[in-house]
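So the chains spell out like this:
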Amino acid sequence: MTNLNQEYKSFTLVYFRAIQPPLGHEGHPENALWFCKDHVRHTEGKTDMSALVAMVHIRAAVRRNARNPWPLKSLP
């Protein structure tokens, strides 16, 4: 197994509520997102949401737990 494969072993694929893909859709599902071991815990209780809405909630939770949750560079 290569080092690259070892790095990705620590990620988890999480499926959120599916939104109907357009006909003929191929590739990675729009409702599945990869999370590292540090952030996967934030997905609990959010899999009934769409991936987009869940990411808004997850990002807010991660930022609240950060050392500087609202850095100046994130302001509009």
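Before reading on, note that the structure itself is shown above.
Residues numbered from 1 in each chain as written. Predicted model: local features only at pLDDT ≥ 70, side-chain atom pairs only at ≥ 80, totals over all residues. Heavy atoms only, no water.

1. Section: the overall build of the protein chain
Our working rule: Working definition: helices are DSSP H or I runs of at least four residues, strands are E runs of at least two. Numbering for both runs from the N terminus. Residue contacts are counted whenever heavy atoms from the two residues lie within 4.5 Å of one another. Per-residue accessibility takes into account occlusion by the displayed protein chains alone, with areas from the Shrake-Rupley method and a 1.4 Å probe.
A count of helical and extended segments in the protein chain gives two helices and two strands. Moving toward the C terminus, one meets the helices and strands of the protein chain in the order α-β-β-α. By sequence separation, contacts in the protein chain at least 24 residues apart represent 35% of the contacts at least 6 residues apart. With an accessible surface of roughly 6300 Å², the protein chain has 57% of that area assigned to carbon and sulfur atoms.

2. Overview of the side chain of His42
Going by this rule: For each residue, the accessible area found with a 1.4 Å probe, counting protein chains only, is set against the maximum for its type, and the residue is called buried under 20%, exposed over 50%, and partly exposed in between.
Relative to the helices and strands, His42 resides in the loop between strand 2 (32-36) and helix 2 (51-65). Judged by its relative accessible area of 9%, His42 is buried. Among all residues touching His42, those that are not within four sequence positions of it are Ile58, Ala61, Val62 and Asn65.

3. Thoughts on the packing of aromatic side chains
To keep it simple, the criterion reads: Each Phe, Tyr or Trp ring, with Trp reduced to its six-membered ring, pairs with another whose centre is within 6.5 Å; inter-plane angles below 30 degrees give stacked pairs, above 60 give edge-to-face pairs, and intermediate values give tilted ones.
Under the defined criterion, the tally for this structure stands at one aromatic pair. Consider the rings of Phe16 and Phe35, whose centres lie 6.1 Å apart with planes at 65°: the pair is edge-to-face. On the criterion of sequence distance, the pair formed by Phe16 in the loop between strand 1 (11-15) and strand 2 and Phe35 in strand 2 is long-range, its members being 19 residues apart. In terms of burial, Phe16 and Phe35 fall into one category: buried.

4. Quick notes on the environment of Val53
Its place among the elements puts Val53 in helix 2. Classification of Val53 by relative accessible area gives partly exposed; the value is 39%. Here the alpha-carbon distance between Val53 and Arg17, two residues 36 residues apart in the chain, equals 10.0 Å.

5. Description of the side chain of Ser50
Within the secondary structure, Ser50 is located in the loop between strand 2 and helix 2. Classification of Ser50 as buried rests on a relative accessible area of 7%. Beyond its immediate stretch of four places on either side in the chain, Ser50 contacts Phe16, Arg17 and Ile19.

6. Description of helix 2
Rules: What a helix should span is 1.5 Å times the count of its residues minus one.
The first and last C-alpha atoms of helix 2 sit 21 Å apart over 15 residues, in line with the 21 Å expected at 1.5 Å per residue. Listing the buried residues of helix 2 in full gives Ala51, Ala54, Ile58, Ala61 and Arg63. Where helix 2 is buried, its residues meet strand 2.

As far as function goes, none of this settles anything; it's purely spatial.
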